[in-house]
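Residues per chain, in single letters:
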Amino acid sequence: MTAYTIERLSAVEAIRDLAHLYTHLIDEARLEEVADLFAHSVYGQCDGAGTPLGPVRDCDPAGVLAACRGFIRMHGTPPRPRTKHVVTNLRVDVADDCRTATSLSYFTVLQATEALPLQPILSGRYFDAFAVRDGEWVFTQRLTCIDLVGNLSEHAQRTL
């Protein structure tokens, strides 16, 4: 069993904050800040065990921003996706040197629009990795495993 030091607990809390910051930023349509969160990372789709399904690509902030804008349908004024991203069952494993970490979490995306009553539209898991850079924890990887898909007609501008 891992010893829980103050440094390790502090790392876990910082990583939880990063995981939850993403949900707030995406739901508030703060897409430039979402892109910045993944500036030092790679991303890709994965299978149920967290193994990449295809190439794992570097996250270029401009590319992440373009991908978000090209995928997420906005509604109303100010434009928002009308979603709530919920991250649960977050498990964090901090390396012994407290400089890197990995996590596994569940996500569920809820949405309600003028045309769609409140409902879950997407559910899956994030396989994330983190590192300390310039004294701050940052994402270094996000692999997404999509487990369940509902009605994405009001959320996606294209198919998954």
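Scroll up to find the structure.
Calculation rules
- Within any chain, residue numbers begin from 1 and follow the written order of that chain's sequence.
- Reporting in this predicted model follows two pLDDT cut-offs: at least 70 for local features of residues, and 80 or more for side-chain atom pairs to be given and counted; totals over whole chains, interfaces and linings ignore these cut-offs and use all residues.
- With hydrogens and water stripped out, all remaining heavy atoms of the structure feed into the side-chain values.
- Put simply, DSSP H or I for four residues or longer makes a helix, DSSP E for two residues or longer makes a strand, and each gets a number counted from the N terminus.
- As defined in this context, the radius of gyration uses C-alpha atoms, and a globule is described by 2.2 Å times the residue total to the power 0.38.
- For each residue, the accessible area found with a 1.4 Å probe, counting protein chains only, is set against the maximum for its type, and the residue is called buried under 20%, exposed over 50%, and partly exposed in between.
- By definition, residues are in contact when any of their heavy atoms lie within 4.5 Å.
- To measure how exposed things are, a 1.4 Å probe is used in the Shrake-Rupley method; for residues, cover is taken only from the protein chains shown.
- A residue counts as positive if it is Lys or Arg and as negative if it is Asp or Glu; His and the chain ends are not included.
- Charged side chains are reduced to one point each, which is NZ for Lys, CZ for Arg, CG for Asp and CD for Glu.

> So what exactly am I meant to see when it comes to the overall build of the chain here?
When helices and strands are counted, the chain shows three helices and six strands. When its helices and strands are written in sequence order, the chain yields α-α-β-β-α-β-β-β-β. A compact globule built from 160 residues would reach a C-alpha radius of gyration of about 15 Å, and the chain, at 16 Å, matches this within 12%. Judged by the C-alpha coordinates and their principal axes, the chain covers about 50 × 30 × 30 Å. The proportion of buried residues among the 160 residues of the chain is 42%. A fraction of 56% describes how many contacts in the chain between residues 6 or more apart in sequence connect residues 24 or more apart. A total of about 8900 Å² of accessible surface is found on the chain, and carbon and sulfur atoms cover 53% of it. The centroid of the 15 positive side-chain charges in the chain is displaced by 5 Å from the centroid of its 20 negative side-chain charges.

> What's the story with the side chain of Thr 23 in this structure? I'm lost.
Locating Thr 23 in the fold gives a position in helix 1 (residues 6-27). Apart from residues lying up to four places away in sequence, Thr 23 is in contact with His 85 and Val 87.

> Would you take a moment to explain the environment of His 155 for this structure?
Mapped onto the elements of the fold, His 155 is located in the segment after strand 6 (136-149). Under the relative-accessibility criterion, His 155 is labelled buried at 5%. Counting along the chain gives 151 residues from His 155 to Tyr 4, while the straight-line C-alpha distance between them is 41 Å. With near-sequence residues (within four places) excluded, His 155 lies in contact with Phe 71, Ile 72, Arg 73, Thr 83, Gln 111 and Ile 121.

Coordinates in, geometry out; function isn't part of it.
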